[in-house]
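Given next are the chains, with one letter for each unit.
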Amino acid sequence: MQESRFVFKPEFVQKGPGPNLGDKVLTLDENGDPFKSDATISKAGIQVNSTGMTDKFAISFRWNVEGYGFLYMPADNGGRMYSVKEDSGKKYNISYELLRTRVFRNNSRCEQFRIDGWEPSRECAAFKSLGEQYLDDASKAVNDPDRCAHIAQNGLKYSLMAGEMIEIEKSRYDISRNGSRSDFLFGCDTRAYFQIDQKLFFDLFSELFNYGTITHYLKGDAINFEEVEGEKKFSERDRLLDELLKRGIKVEGRPLYWVHTWVTPDWLKNKTYDQLLKYVESHVREVVKHYGDRISVWEVVNELHDWANENQLNHEQTIELTKLACEVARAENPRVKLLVNNCCPFADYVQEGKWHEKEAKYPQRTPHQFIQQLIDAEVDFDIIGVQVYFVHRTLIEAIQSIERYQVFNKKVQLAEVGATSKGVTLEFTEQEKDYTGLPYEWHRHWDEELQADWLEYIFTYGYSKKFIEAANWYDFVDPYGFLKNGGIIKSPKGDKKTAVSRLIKLQKQLNNT
């Protein structure tokens, strides 16, 4: 067997039974975007034989750091990136490589933030320093892989905690410096209007949110919008919209085009491309005209960056369709703001070669690359939507993935923010599982307080950045959410989770800055 160019070897120093190493690995380019490679992962470690035409790369994979979590973490050769030309044939200790990367990134963020006058708290500085000291000790033990891994694993825990504190503290610093934002939108989806007592819904919703999204899924919605072609269900949504507007709640409509398998009827899947364009043009015109100025923002396309693609469009077609939909919406109502929404911020599907569960027919792009292509094609839209569900990444990587969109000089909405309140993260299609023997994902197994932490940290970050204008929690009430136990209301009876009181407290604090 030919020896791999790169081998990343795990030393399993964790105390628990695991699993301590995930079953997927991503190769990342210098921008942090994943690209297709032949990287493989097993208990023996990670092997990378070929990176195609890419010389410098990093890797990302799930690794269990007891005391922090079992999450995807990047290794980038301490900020240098691994080079096919310079580093081929070397073998690496996983724990040590992860620590080198995290220490480098913590230092880089601190240098960047100090330009704005920020300084870490005593606790943050102490954790950061501990990580650096452990790295020094691990560097002296590189010839003893087991000892090196033990030392590095301890340092990684403290460095991850420091990295998280750096991001949270900087967000709060920016808020204290910039003051309150009366125009910031705290939002959530409104499907619960159809799922619980309507008076109870408005009492709960209006206490928390000044922004609501009304969904128009062709099928798979609380009330399907167009399960049969040509038979659109406006009346129920009109009543919901009128009630939201009466309460001073701004409304986004979504989506005008979304073709995930969950929501796409056969009649739409079976259209030719020319037929599809004609439908999109007619559909967008009719829907935007119907609502007029009552809806302030329209999500034009959702997840079209090579993820939700039941029409199996190639790259040029996705761009052409998006441009057409934006032009029609703009012509019908020049005052409405147009949003392009993206999921899967870390684009795991690129390595897997999947449109959700289907084999992709074309090379795939990341959400960031898709937005760049839309801008290059002069597609006329106003807002970038970024989904910030917990997807087994550190809070650090979640925040920095949002930050990347700032270069496009467009407003950003955190279009869907979500996390579970129980056990481990499961989508609504997945079966419940016994999680008690599994490693926890982030800090501990999910509970209401931890869900509230995710909400607080992401909403705080969004509020702290002037380029971000909204943060939307998804979903409102259990058991109807995308994530199992992902609502902030426990049941249709209206019992509140901890996230509700946490959000109210956060809003009061922000209003007093």
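Scroll up to find the structure this text is about.
About the thresholds
Residues numbered from 1 in each chain as written. Predicted model: local features only at pLDDT ≥ 70, side-chain atom pairs only at ≥ 80, totals over all residues. Heavy atoms only, no water. 1 Å grid on protein atoms, 1.4 Å probe; cavity = no way out; pocket = protein on both sides within 12 Å on 5 of 7 lines; lining within 4 Å. Points joined across faces, edges and corners; volume = space filled by probe spheres on them. Nonpolar A, V, L, I, M, F, W, Y, C, P; charged D, E, K, R; others polar. Buried < 20%, exposed > 50% of the residue type's maximum accessible area, 1.4 Å probe, protein only. Helix = DSSP H or I, 4+ residues; strand = E, 2+ residues; numbered from the N terminus. Pairing = 2+ DSSP bridges. Axes fitted to C-alpha atoms, helices over the stretch in contact; angles between N-to-C directions. Contact = heavy atoms within 4.5 Å. Expected span 1.5 Å × (residues − 1). Polar contact = N/O pair within 3.5 Å; in protein donor to acceptor, adjacent residues only side chain to side chain. Core = buried A, V, L, I, M, F, W, Y, C linked by side-chain atoms within 4.5 Å.

1. Section: empty space enclosed by the protein
Following the criterion strictly, the structure yields five cavities of 30 Å³ or more and no others. Lining of the largest cavity is provided by H216, Y217, L218, P255, L256, Y257, W258, V263, L268, Y279 and H283. When grouped by side-chain class, the residues that make up the lining of the largest cavity number nine nonpolar, two polar and no charged.

2. With respect to the pairing of strand β6 (residues 56-65)
In regular strands, side chains alternate between the two faces of the sheet. In terms of burial, β6 is largely enclosed, as nine of its 10 residues are buried. Across two bridges, β6 lies against strand β8 (residues 82-83) in antiparallel orientation. Looking across to β8, one finds that F57 is bridged to Y82. Relative to strand β7 (residues 69-75), β6 runs antiparallel, the two being bridged by seven bridges. What sits directly across from F61, in β7, is M73. Between β6 and β7, which follow one another and run antiparallel, lie three residues, and G67 among them has a positive phi close to 100°.

3. Overview of the sheet that holds strand β10 (residues 185-189)
In any sheet, the strands associate via hydrogen bonds between backbone groups, in a parallel or an antiparallel arrangement. If you trace the eight strands once around the closed barrel, you get β10-β11-β12-β13-β14-β17-β18-β19, paired in parallel fashion. Here the strands of the sheet are splayed against their neighbours by 30° on average, with no regard to which way each runs. Contacts from helix α6 (residues 235-246) reach β11 (211-215) and β12 (250-254) within the one sheet, and its direction differs from that of β11 by about 175°.

4. Some words on the layout of surface pockets
One number sums up the size of the second largest pocket: a volume of about 750 Å³. The wall of the second largest pocket is formed by 33 residues, among which N31, G32, R105, Q400 and R404 lie closest to the centre. Elements with a minimum of two residues in the lining of the second largest pocket: β2 (21-28), β6, β7, α2 (94-114), α11 (367-376) and α12 (395-403). No other element matches α2, which puts five residues into the lining of the second largest pocket. Taken together, the residues of the lining of the second largest pocket sort by class into 13 nonpolar, 10 polar and 10 charged.

5. Details of helix α9 (residues 315-332)
For α9, built from 18 residues, the straight-helix expectation of 26 Å at 1.5 Å per residue is met to within 8% by its first-to-last C-alpha distance of 26 Å. Turning to α9, the residues buried within the fold contact α8 (273-291), β13 (297-302), β14 (337-342) and α11. Two or three places before E316, at the start of α9, stands the capping residue N314, its side-chain oxygen 3.1 Å from that residue's backbone nitrogen.

6. Here we look at unusual backbone geometry
Each neighbour pair has its own omega, and for G18 with P19 the value is 5°, a cis peptide bond. Its identity is not glycine, yet N77 carries a phi of approximately 65°, on the positive side. Note on placement: N77 falls in the loop between β7 and β8. The class of N77 is buried, set by a relative accessible area of 3%. Positive phi is not limited to glycine here, since H356 has a value of about 55°. Inspection of the secondary structure puts H356 in the loop between β15 (354-355) and β16 (358-359). The class for H356 is buried, based on a relative accessible area of 16%.

7. Let's talk about the sheet that holds strand β4 (residues 40-42)
What the four strands build is an open sheet, ordered β4-β5-β1-β9; its pairing is mixed. What marks the edges here is a single partner per strand, and that holds for β4 and β9 (91-93). Averaged over all neighbouring strand pairs, the angle between strand axes comes to 15°, with direction disregarded. Bridge count for strand β1 (residues 6-9) against strand β5 (residues 45-48) is three bridges, and the pairing is antiparallel. By the bridge assignment for β5, F8 is matched with I46. Packed on one face of the sheet, α2 meets β1, β5 and β9 and runs near 75° to β9.

8. What about the environment of V350?
Position of V350 among the secondary structure elements: in helix α10 (residues 349-352). Spatially, the C-alpha atom of V350 lies 25 Å from that of P10, the residues being 340 residues apart in sequence. Contacts of V350, omitting those with residues within four sequence positions, involve P34, F35, K36, Q364, R365 and T366.

9. Description of the pairing of β5
Of the pairings in the sheet, the one linking β4 to β5 comprises three bridges and is antiparallel in character. Pairing of S42 across the sheet is with G45, part of β5. Counted along the chain from β4 to the antiparallel partner β5, the turn is two residues long.

10. Topic: the nonpolar core
In terms of nonpolar packing, the biggest core is built from 122 residues, with F61, W442, W454, F476 and I488 touching the most fellow members. Sequence-distant contacts of W454, that is, excluding residues within four places in its chain, are made with V388, Y389, F390, L395, A398, V417, G418, A419, W442, W446 and W473.

11. With respect to the side chain of N77
Within the structure, the side chain of N77 is placed 3.1 Å from the backbone oxygen of M81, a separation counted as a polar contact. One polar contact links N77 to R100, side chain to side chain, over a distance of 3.0 Å.

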